[in-house]
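# What the coordinates show
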Amino acid sequence: MTTLAFDDDGVDVVYEGTEFRLEKPLIEEAIEKQYRDVTDHEVLQIVDKDPNLQGEPRRIGDILS
């Protein structure tokens, strides 16, 4: 299971028991969007090669509001 914890500067990730951080500039470069316009599903696709995308994608800007 993968967990994502968003804040204004990036995302704390736990993927298969490994914890790491994706910084805001890295996410923006990878997705080619402003950080707050990126969705949780897009971040999950960076982390996991076969993600379980359930529910509607949510913009980071909406999550942080």
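Reference entry: report on the structure contained in this document.

This brings us to the overall build of the protein chain. Scanning the protein chain from terminus to terminus reveals three helices and three strands. In the protein chain, the order of α-helices and β-strands from amino to carboxyl end is β-β-β-α-α-α. In terms of overall size, the protein chain behaves like a compact globule, its C-alpha atoms giving a radius of gyration of 11 Å where 65 residues would be expected to give roughly 11 Å. Viewed in the frame of its principal axes, the protein chain has a C-alpha envelope of about 25 × 25 × 20 Å. Taking contacts inside the protein chain between residues at least 6 apart in sequence as the whole, the part at least 24 apart equals 33%. The protein chain carries 7 positive and 17 negative side-chain charges, and their two centres are separated by 4 Å.

The next point concerns the environment of Lys 24. One can find Lys 24 in helix H1 (residues 24-31). What makes Lys 24 partly exposed here is its relative accessible area of 31%. Lys 24 sits 13 residues away from Asp 37 along the chain, and the two C-alpha atoms are 12 Å apart. Other than its neighbours up to four places away in sequence, Lys 24 contacts Asp 8, Asp 9, Gly 10 and Tyr 35.

Right, let's get into the side chain of Glu 42. Here Glu 42 is to be found in helix H2 (residues 40-47). Side chain to side chain, Glu 42 and Lys 33 meet in a polar contact 2.9 Å long. In this structure Glu 42 touches Ile 31, Lys 33 and Asp 37, once residues within four positions along its chain are discounted.

The rules behind these values
- Residues numbered from 1 in each chain as written.
- Predicted model: local features only at pLDDT ≥ 70, side-chain atom pairs only at ≥ 80, totals over all residues.
- Heavy atoms only, no water.
- Helix = DSSP H or I, 4+ residues; strand = E, 2+ residues; numbered from the N terminus.
- Rg over C-alpha atoms; globule rule 2.2 N^0.38 Å.
- Contact = heavy atoms within 4.5 Å.
- Lys, Arg positive; Asp, Glu negative; His and termini not counted.
- Charge placed at Lys NZ, Arg CZ, Asp CG, Glu CD.
- Buried < 20%, exposed > 50% of the residue type's maximum accessible area, 1.4 Å probe, protein only.
- Polar contact = N/O pair within 3.5 Å; in protein donor to acceptor, adjacent residues only side chain to side chain.

Bear in mind that shape data such as this cannot, by itself, settle questions of function.
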